[in-house]
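A structural walkthrough
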Amino acid sequence: MSGKTAIRLGLIGCGTVGRGVVALLANRPDCQITHIAVRSPEKHRDFMAEELPQATVCQDPMAVATHPDVDVLVEVAGGVDTAEGWMTAALKAGKPVVTANKDCMATHGHTLRACAEQHNVPLLYEAAVAAGIPLVAPLKTSLAANRITRLAGILNGTCNYMLTRMAQEGWGYSHALEQAQAKGFAEADPTNDVGGKDTAYKLSILTRLAFGQSVSVDDMLLEGITTITDTDMQLADEFGFAIKLLGIAQSAGEALDVPNLDVRVHPVLLAKTHPLASVANEFNALWVQGHAVGELMFYGRGAGELPTASGVCGDVLSVVAAMQGGALSHTAFADPALSNTPMALLPVNDIASRYYIRLVTQDTPGVVGTIGTICGNAGLSLESVIQQGVTNDGHANIVLMTQMHMEGQCQQALEAFNACETIESVACMLRVLD
Ligand SMILES: NC(=O)c1ccc[n+]([C@@H]2O[C@H](COP(=O)([O-])OP(=O)(O)OC[C@H]3O[C@@H](n4cnc5c(N)ncnc54)[C@H](OP(=O)(O)O)[C@@H]3O)[C@@H](O)[C@H]2O)c1
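We now turn to the structure provided with this report. What you are looking at is a predicted structure, and each value in this text was computed from that prediction instead of being measured.

1. Structural notes on the environment of arginine 39
Along the chain, the position of arginine 39 falls in the loop between β2 (31-37) and α2 (46-51). On a C-alpha basis, the gap between arginine 39 and cysteine 14 in space is 9.1 Å, while along the polypeptide they are 25 residues apart.

2. With respect to the site of the ligand
Near the ligand there are 23 residues, and of these Cys14, Val17, Ser40, Arg45 and Gly304 occur at the shortest range. Taking cysteine 14, its main chain carries an N or O atom lying 2.8 Å from an oxygen atom of the ligand. Take threonine 16: an N or O atom from its main chain is 2.9 Å from an oxygen atom of the ligand. The fraction of the free accessible surface of the ligand (890 Å²) that becomes covered by protein chains is 77%. Looking at the shell around the ligand residue by residue, the classes come out as eleven nonpolar, eight polar and four charged.

3. A few points about the nonpolar core
In this structure, Leu151, Ile225 and Leu269 are the most contacted members of the largest nonpolar core, which totals 76 residues. No other element matches the eight residues that helix α11 (residues 197-211) contributes to this core. Apart from the residues within four sequence positions on either side, leucine 269 is in contact with Ala236, Phe241, Ala242, Ile243, Tyr356, Met401, Leu430, Arg431, Val432 and Leu433.

4. Description of the environment of glycine 302
Following the sequence through the fold, glycine 302 ends up in the loop between β12 (294-301) and α13 (305-324). By relative accessible area, which is 12% here, glycine 302 ends up buried. Remark: the alpha-carbon pair of glycine 302 and glycine 196, spanning 106 residues in sequence, is separated by 15 Å. Not counting chain neighbours up to four residues away, the residues in contact with glycine 302 comprise Ala130, Ala131, Ile133 and Asn284.

Rules used throughout
- Residues numbered from 1 in each chain as written.
- Predicted model: local features only at pLDDT ≥ 70, side-chain atom pairs only at ≥ 80, totals over all residues.
- Heavy atoms only, no water.
- Helix = DSSP H or I, 4+ residues; strand = E, 2+ residues; numbered from the N terminus.
- Near = heavy atom within 4 Å.
- Polar contact = N/O pair within 3.5 Å; in protein donor to acceptor, adjacent residues only side chain to side chain.
- Areas by Shrake-Rupley, 256 points an atom, 1.4 Å probe, with all protein chains shown as cover.
- Nonpolar A, V, L, I, M, F, W, Y, C, P; charged D, E, K, R; others polar.
- Core = buried A, V, L, I, M, F, W, Y, C linked by side-chain atoms within 4.5 Å.
- Buried < 20%, exposed > 50% of the residue type's maximum accessible area, 1.4 Å probe, protein only.
- Contact = heavy atoms within 4.5 Å.

In structure tokens form, the structure reads like this:
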């Protein structure tokens with residue numbers, strides 16, 4: 001490294017991830033953090049005083065993004081439109097950008113990529129998908145010869161921690177959420193975690209890489225884990241399943257000569273023998289099926305200070321090496337182009353699955369017959385019907401497992417259950433991943 005000038009890094013954000021980036025890059029001869037923007041520059045941060053005594057700290061991210069003494073921008077602040085503005089300014093100024101920002105990449109990735117290409121500089125975002133688990137680079141390079149047919153991922157550590165604990169300890173949903181927050185896994189406002197949107201952002205990025213298709217989170221079937229109860233966890237366990245929140249993207253045949261892509265986020269019943277079923281607590285995993293490589297699974301920590309910084313710094317160091325080798329270009333780091341064969345998003349009603357349906361009913365004679373009639377009218381064949389005891393207030397849980405059917409048929413039955421007087425509620429409907 002001797003004789004080469006250290007590459008100067010500008011850092012926007014010095015919170016959880018930024019702190020990890022500072023720790024991993026401290027005292028390197030090839031690069032150094034020279035400029036930092038934070039919201040509260042007056043706040044004393046021991047680690048910054050110790051590791052970066054020479055760095056200039058300010059409150060203005062745009063000043064860091066465009067500063068003539070910054071060679072590479074590292075964006076670890078978060079936000080959507082503001083972050084897009086900072087990153088665009090840096091790219092336009094000819095600076096490579098590294099980010100961990102999934103919300104921004106899923107929303108504005110298209111324009112940011114175009115800007116990076118136009119200005120011939122790299123835009124890297126490994127940590128934006130699963131933090132410390134390398135997924136972007138393997139999908140871009142190592143698996144490039146494959147036609148990916150299916151991927152399914154546990155992409156949100158908060159949800160996976162909650163579902164694991166509900167299954168293992170019998171915790172209710174609210175207690176599981178409190179514990180996830182106490183452990184620092186869940187955000188103060190956990191809506192995007194438990195509602196599935198965080199998983200959808202990551203799935204949108206993965207779908208582009210694996211299938212060459214641009215799918216907005218607004219167009220996906222999106223369901224979170226807020227309706228899952230300890231009762232469903234116990235029943236799933238008895239039937240030989242785990243309940244996991246998955247992001248799924250898969251080829252789904254053709255309709256009117258156009259290939260279909262099935263992209264969705266929702267909790268699933270997963271056979272305990274599936275490799276994803278054993279991914280516990282805050283861990284993340286992506287299971288991928290390629291036509292040449294077969295099945296693969298990537299597993300590790302999808303959040304946290306050092307795991308996320310590991311992903312960010314891997315990108316930073318690859319850019320630094322290219323700059324010092326005099327070989328920096330957009331092309332060497334570019335994402336694969338969008339596919340020439342656009343795929344249509346599979347309509348929700350055409351999803352094929354087996355379904356787990358839990359009904360809370362009145363404990364009256366004939367209710368099972370009524371359920372059978374409704375299923376018959378919707379064309380749903382049942383694999384099993386199980387009545388789970390009677391509660392003190394005279395209600396019964398009746399659990400149906402259907403055979404493989406179209407979602408439209410399931411929804412037709414759910415509508416009829418909701419309209420039926422002897423059925424108090426459809427307490428839960430889950431799709432099975434076969
Ligand atoms: N945490 C994880 O495990 C993880 C995993 C994967 C990806 N990410 C992504 O990494 C990014 C950062 O996450 P984080 O957990 O490190 O967040 P964080 O702990 O809240 O830190 C955010 C940092 O950005 C600064 N900041 C925010 N808005 C700013 C603004 N308008 N101007 C200047 N500075 C601003 C904050 O300044 P102050 O310190 O002064 O408030 C803080 O230092 C997000 O995009 C997140 O989605 C995080």
